[in-house]
Amino acid sequence: MSQDGQTTQETDVQPEEDTLAAAREKKEAPEDDASPSCPRASPLDYREKDTQHKGSASMVWAATPGMLFLKNKDSSLHPLDLSWVFGYNSSLAVHSLMDGEDRVLLYISSHTVVIHDILRNRQFHLQGHTNVISCLCVSEDKRWVATADKGPDALIIVWDSYSGVPVRTIFESHSEDGVCAIAISQDAKYLVTISAAAVQEVCVWRWTLPTGKPMCSTELKPEFGYQFSAADPKVVWTEYHTPSTPTLDDSGLQYGAPFLSNQTFKCLVGQFSQSVFHVNNTQALTGTSAGKLVVWDMDSPRTLPEELLAKPHGVTATKVVSLQKESLTVLTVLESCVVTGDVKGQVKFYDGQLRLLTIYSHDKVGPIQSISFSTILRDRPSALPGSSQPFLTRNFILSTSDATMFHVATDGTSFERIMTEAKKAVNAIACHPREPLVAVGSHCGLLKVWDYKQTQYLISRIFTEAGIQCLSYDPEGHFLAAGFTDGSVYILDAISLQSICEEFQFSQGPVTHISFSHDSKYIATADENYSVTVYKRVLQNGSRCWEHLAGLDSHYKPIRSILFGVHSDSNEPRLLSLGEDRQLVEYDLKSSIKDHLVVTHRDRLEQVAVPLCLTWYPQLSTESFFLTANNCYKMKLYNTTTKMCRKTLLGPTYGSPLEKIQILPRTSSADPQQHYLVYITKDKVGLQMLPVDGNPHKSSAFICHPDGASDFAISHDGRYIFTAGGKERTFMKWKVNLHTLNAAAFLGGEDLIPFYNLLDGGREGKFFRLAFNSNLIDMAELEDYFYYVQLCSQGIKTLETRQVSTHIALEEIPSVMRAIGFYPSEEEIEDMINEVKFSKYADTGEEVTKINLDDFIKLFINHRPALGLSMKTIQRAFQVLGYDNKKGDKVIDRGDFLSLLQCRGELFCF
């Protein structure tokens, strides 16, 4: 039950009539009065009127501003629902949708469009993209929002911001690399997109048409950007290093690129940052990094192709105006004013002749990334000419490149800080063990604590020395431990975030993991240099503190997990570490002394696969286990004492292996006998019902951070999961709905039905194709193998009465596995036999000596390669086994190869 391809619901869009015919009809017909809530006619008017004629008002037609917040969010069809998004992509624009009593903003967080009512503290999320959103644009009336992404299966989605409905989705718009820029025309009927490929493509879309093809397209040089003309929605202004003016006529999309250098006007122009059309619509303006404004004269956008050949440049640079020394980062037009924003956080307003009118600035504002003006007009002040009283009638929203938003009231000089978020990667997150608090740390050194029930920011602290890499609360919730990128460790008061003792600096690399023991007596850390460091609690001046105990280079590859537990025969802490070197290391904390960390056991858990995460398994039987997940999509249960692999099970297969796992705390309303596992993969967060048995219907996953989930935490009551997005600089709050996952598991079938469906064709069909030939084996043939094994065990030529059974001896498991095409290694055979042999030993004290057909099918499905044997795996094996010939190719002698197969008979670790 994956949400890999999160789909969007769309309203039906009917085909349009011929564009010219529609234009003639519109010219002859009187214009309708504009709606007061929507000053310009909707681009979907033809569809909306048609719907009205049918007597059934559509959701889009009936929508009004702010309506989407009235939707009922209590009922959910998914095991995990996105509840809140913290942080945003500060490299993209922030838009003001509503101002005044309802201050509503729109911004991008990862792959989600967030509509945020600031004053009422509520959010609505527009979800449909599977990749990080790379660009967005909003229509002039703030109703239509177009978003696009880069990556596999890139999408362009047009949303109705009133209802939250995706009214149009364009698939495979730029199939190569997706979209890097998008803009919408003034009448909201046209979209222009620029691909992210090396050779960029410009496409113009009439998005209200049901076709998936653009009206026209052309290729641009990689350095071109975009901007629509306010006078003619079919004229595009592209910029960055060289401006270009494509025009749309009957022959398609044409463009020219004028030349401009520092020698043109004998002054330093700088790099182009942003371009707009002048308020007179006959000129264009380009801001530069040198604080200058380039003025371009526009030629007619309807130049014929033959004229275009004689005069290739659609624009001509007429002058360069030096506005200031600071770099211009934002350039836009408001009514009759030209508005600029710069790296010093200043917003300046100029008239049509580029004469300065007024300046808005504040010492706390950083480099401006975007400016968005409110659609609400205030009454103009009755000021005398020359008065210093502000003349603007619209408030605006500033967003800065250092992830801060401000609301600016233009009837004064009020700069209200709305939001301050992480400027760098968010890798650390931890939930308080008793209170509804979540702590989040980023690489910019910002540590913030939120009340996640009220969604309120409580307190923060900035560490200027290094970035925060990991966090952990102690079991009582009194302390918060933080590991940093410079190897330092801080122990903080959980409420004030003040240090309770001096920082520790015993790790030589960034601290990747940090954890408290159950009694808070020990703190353990792991770092990027493969070392484990332990700190022990002491009393200093009557107060609790910790001191360095010892450290050890326990592994020779990255450490994936450190895990505290409790010894079964005492209440003493138990410490384990797991590395990509496949080693599980257990430490004797009680015997460890200053600068000497004692190791009690080193166990190799895997032969070929790499273990990625580790957790304690709930006590569901008399035997105690810990659970691991590896990079081959397998989950394994190990006895906590003997470290013997007791079960191998098929794990969730949602595009990438499980990276981290935790047991979900039980809620008061949950079934006390039912347990759940929470996990993250590379880009998804998911839930797994326990006990783990390989049933795919007992698991569900949802895209959380397409660019990589770095960590997650679970609330103390098990109702919420928080995921950190790493370089996306966001973290997300997910509401847990266990009843939905239970329903999905129930609908998936009971007993062997879910497992039969994992075989090709199901129970009645052909389920496995033998390697190197075309023979197909169905369920009847598998039963034949079972009976044949019984014949062999009783003697083929015997004349005695046959004892027909539904079981075979455990020793026959490898033969039947190989007969149906799965060739396990000797270690895998030992694991399979031990799994069945000791399945009832903890309960009855007896070993199992035979297996029936149903259990054999489960064993086969759980142990076989999750994704089959790929040609890449075979080629990699020969790369290791072979040697270079004279041509430099990998080869192996046939005799050597047969000798390896016959004498070694085992998989090799690469």
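Residues numbered from 1 in each chain as written. Predicted model: local features only at pLDDT ≥ 70, side-chain atom pairs only at ≥ 80, totals over all residues. Heavy atoms only, no water.

- The name given to the protein chain in an unreviewed UniProt entry is Cilia- and flagella-associated protein 251, and the organism recorded there is Lonchura striata.
- The UniProt entry for the protein chain carries this comment under Subcellular location (unreviewed entry): "Cell projection, Cilium". (UniProt positions renumbered as here; feature names shortened; annotations may be inferred.)

### What to know about a negative patch on the surface
For step 1, the next point in the chain: On the surface, E465, D486, E502 and E503 cluster together to form a negatively charged patch.
For step 2, the next point in the chain: Among the secondary structure elements, E503 is positioned in the loop between strand 35 (488-493) and strand 36 (504-505).
For step 3, the next point in the chain: E503 gets classed as partly exposed once you look at its relative accessible area, which sits at 36%. (Patch = residues over 30% accessible without salt bridge, like charges linked within 9 Å, V, L, I, M, F, W, Y side chains within 5 Å. Areas by Shrake-Rupley, 256 points an atom, 1.4 Å probe, with all protein chains shown as cover. Salt bridge = Lys/Arg side-chain N within 4 Å of Asp/Glu carboxyl O. Lys, Arg positive; Asp, Glu negative; His and termini not counted. Charge placed at Lys NZ, Arg CZ, Asp CG, Glu CD. Helix = DSSP H or I, 4+ residues; strand = E, 2+ residues; numbered from the N terminus. Buried < 20%, exposed > 50% of the residue type's maximum accessible area, 1.4 Å probe, protein only.)

### Quick look at the pattern of salt bridges
For step 1, the next point in the chain: This model, assessed by the stated rule, comprises 24 salt bridges.
For step 2, the next point in the chain: In this structure, the salt-bridge partner of R560 is E659, at a minimum N-O distance of 2.6 Å. Residue R560 is located in strand 41 (residues 559-566), and its partner E659 is located in the loop between strand 48 (645-650) and strand 49 (660-663); the two are separated by 99 residues in the primary sequence.
For step 3, the next point in the chain: For R560, a relative accessible area of 18% translates into the label buried.
For step 4, the next point in the chain: The class for E659 is partly exposed, based on a relative accessible area of 24%.
For step 5, the next point in the chain: E586 serves as the salt-bridge partner of R574, at 2.6 Å between the closest nitrogen and oxygen. Taken together, the residues R574 in strand 42 (residues 573-579) and E586 in strand 43 (residues 583-593) connect sequence positions 12 residues apart. By the burial criterion, R574 is buried, and E586 matches it.
For step 6, the next point in the chain: If you follow the salt bridges from partner to partner, you end up with D102, D117, R120 and R122 in one network.

### Overview of helix 10 (residues 853-863)
For step 1, the next point in the chain: Across the 11 residues of helix 10, 8 count as buried, placing the element largely inside the fold.
For step 2, the next point in the chain: By the N-cap criterion, in which a side-chain oxygen at the helix start approaches the backbone nitrogen of a residue two or three places on, helix 10 is capped by N852, the distance to D854 being 3.3 Å. (Polar contact = N/O pair within 3.5 Å; in protein donor to acceptor, adjacent residues only side chain to side chain.)

### Describing the nonpolar core
For step 1, the next point in the chain: One finds L80, Y107, M405, L687, I721 and W734 to be the most contacted residues of the largest nonpolar core, which totals 32 residues.
For step 2, the next point in the chain: Taken together, the elements giving at least two residues each to this core come down to strand 2 (80-86), strand 4 (104-109), strand 28 (414-420), strand 50 (675-680), strand 51 (684-690), strand 53 (711-714), strand 55 (731-736) and helix 4 (738-747).
For step 3, the next point in the chain: The contacts of W734, once residues within four sequence positions are left out, are L80, D81, L82, S83, V685, F702, I703, C704, R719, Y720, I721 and T723. (Core = buried A, V, L, I, M, F, W, Y, C linked by side-chain atoms within 4.5 Å. Contact = heavy atoms within 4.5 Å.)

### As for the pairing of strand 32 (residues 456-462)
For step 1, the next point in the chain: Inspection of the sheet shows strand 31 (residues 446-451) paired to strand 32 by 6 bridges, in the antiparallel sense. Note that in strand 32 the partner of V449 across the bridge is I459.
For step 2, the next point in the chain: Remark: 4 residues form the turn of the hairpin made by strand 31 and strand 32, two consecutive strands paired antiparallel; T455 in that turn has positive phi of roughly 55°. (Pairing = 2+ DSSP bridges.)

### Considering unusual backbone geometry
For step 1, the next point in the chain: Between L690 and the following residue, P691, the backbone shows a cis peptide bond with an omega angle of 5°.
For step 2, the next point in the chain: Here P691 lies in the loop between strand 51 and strand 52 (699-703).
For step 3, the next point in the chain: Of note in the backbone geometry, R582 takes a positive phi value of approximately 70° without being a glycine.
For step 4, the next point in the chain: By the secondary structure assignment, R582 is in the loop between strand 42 and strand 43.

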